[in-house]
Amino acid sequence: MLDHHSALIYLMVLVSAADADMTDKELETIGENVRYLPIFDGFDVETLTDVTRDCNRALGDADGLDRILDAIRDALPEKLYETAYAVACDIAAADATASQEELRLLEMIRHKLGVDRLCAAAIERGARARHMRL
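Residues numbered from 1 in each chain as written. Predicted model: local features only at pLDDT ≥ 70, side-chain atom pairs only at ≥ 80, totals over all residues. Heavy atoms only, no water.

(A) Geometry of the overall build of the protein chain. When helices and strands are tallied, the protein chain shows 7 helices and 0 strands. In sequence order, the protein chain lays out its α and β elements as α-α-α-α-α-α-α. Taken against the 2.2 N^0.38 rule, which gives 14 Å for 134 residues, the C-alpha radius of gyration of the protein chain at 13 Å falls within 12% of a compact globule. A principal-axis box enclosing the C-alpha atoms of the protein chain has dimensions of 40 × 30 × 30 Å. Evaluated residue by residue, the protein chain yields a buried proportion of 42% over its 134 residues. Of the contacts formed within the protein chain by residues at least 6 apart in sequence, a portion of 77% connects residues at least 24 apart. In the protein chain, which carries 15 positive and 26 negative side-chain charges, the distance between the mean positions of the two groups comes to 4 Å. (Helix = DSSP H or I, 4+ residues; strand = E, 2+ residues; numbered from the N terminus. Rg over C-alpha atoms; globule rule 2.2 N^0.38 Å. Buried < 20%, exposed > 50% of the residue type's maximum accessible area, 1.4 Å probe, protein only. Contact = heavy atoms within 4.5 Å. Lys, Arg positive; Asp, Glu negative; His and termini not counted. Charge placed at Lys NZ, Arg CZ, Asp CG, Glu CD.)

The structure is reproduced here in structure tokens:
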């Protein structure tokens with residue numbers, strides 16, 4: 001059973017791993033989100049590596065992705081669904097270009113969490129704006 005901290009971290013790890021290339025920028029963004037976002041208050045940053053490892057291990061199981069997405073949804077209160085989608089979008093935007101695999105996973109996350117299409121578009125645009133480079 002996941003708690004809300006682990007569920008959010010699992011989402012970020014899933015997006016980072018979606019294209020089989022967890023880049024330094026994506027990992028750095030995960031760390032920054034965990035350290036600085038208010039939703040992670042009370043989370044022991046020292047356990048971040050363990051949570052990440054647990055997620056990667058769970059992905060290797062049969063139907064791992066579907067089971068993880070269900071566990072994430074079940075672990076989060078509905079009021080955190082948009083926050084969850086936002087942290088997922090932050091990871092996809094971290095590299096300046098999102099892969100097709102990341103975009104497909106974001107769509108799956110949006111559907112699994114029931115994030116409205118208009119809200120999702122606003123969250124995506126905000127992530128893109130925050131991670132823009134010259």
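(B) A look at the packing of helix H1 (residues 4–17) against helix H6 (residues 100–113). In the contact formed by H1 and H6, the axes pass within 8 Å of each other and the chain directions differ by 150°. As judged from the angle between their axes, H1 and H6 are roughly antiparallel. Contact residues: Leu11, Leu14 and Val15 in H1; Glu102, Leu105, Leu106, Ile109 and Leu113 in H6. Class assignment for the residues of the contact of H1 with H6 results in 7 nonpolar, no polar and 1 charged. (Axes fitted to C-alpha atoms, helices over the stretch in contact; angles between N-to-C directions. Parallel < 35°, antiparallel > 145°, perpendicular 65-115°, else oblique. Nonpolar A, V, L, I, M, F, W, Y, C, P; charged D, E, K, R; others polar.)

(C) Examining the state of the cysteines more closely. Under the defined criterion, the tally for this structure stands at 0 disulfides. Not engaged in a disulfide, the cysteine Cys55 finds its nearest cysteine sulfur in Cys89; these two sulfurs lie 17 Å apart. Free of any disulfide, Cys89 has its nearest cysteine sulfur in Cys119, 12 Å distant. (Disulfide = S-S within 2.5 Å.)

(D) Layout of the environment of Lys25. Looking at the secondary structure, you find Lys25 in helix H2 (residues 24–36). Residue classification places Lys25 among the partly exposed residues on the basis of a relative accessible area of 30%. Separated by 23 residues in the primary sequence, Lys25 and Leu48 place their C-alpha atoms 16 Å from one another. When residues no more than four places from it in sequence are discounted, the contact partners of Lys25 are Ala94, Asp95 and Arg133. Side-chain polar atoms of Lys25 contact the side chain of Glu28, separated by 3.4 Å. (Polar contact = N/O pair within 3.5 Å; in protein donor to acceptor, adjacent residues only side chain to side chain.)

(E) Layout of H6. An ideal rise of 1.5 Å per residue puts 20 Å on 14 residues; H6 measures up with 20 Å between its terminal C-alpha atoms. Among the residues making up H6, those that are buried are Glu102, Leu105, Leu106, Ile109, Arg110 and Leu113. Each buried residue of H6 sits inside an arc of 145° when the element is viewed along its axis, so together they form one side. Those residues of H6 that are buried are in contact with H1, H2, helix H4 (64–75), helix H5 (81–93) and helix H7 (117–130). (Expected span 1.5 Å × (residues − 1). Arc of directions from axis to C-beta.)

(F) Broad picture of the pattern of salt bridges. All told, the structure shown has 9 salt bridges when counted by the stated rule. A salt bridge links Glu107 to Arg104, with the shortest nitrogen-to-oxygen separation between them at 3.5 Å. Here the residue Glu107 and the residue Arg104 both occupy positions in helix H6, the gap between them amounting to 3 residues, near one helical turn. (Salt bridge = Lys/Arg side-chain N within 4 Å of Asp/Glu carboxyl O.)

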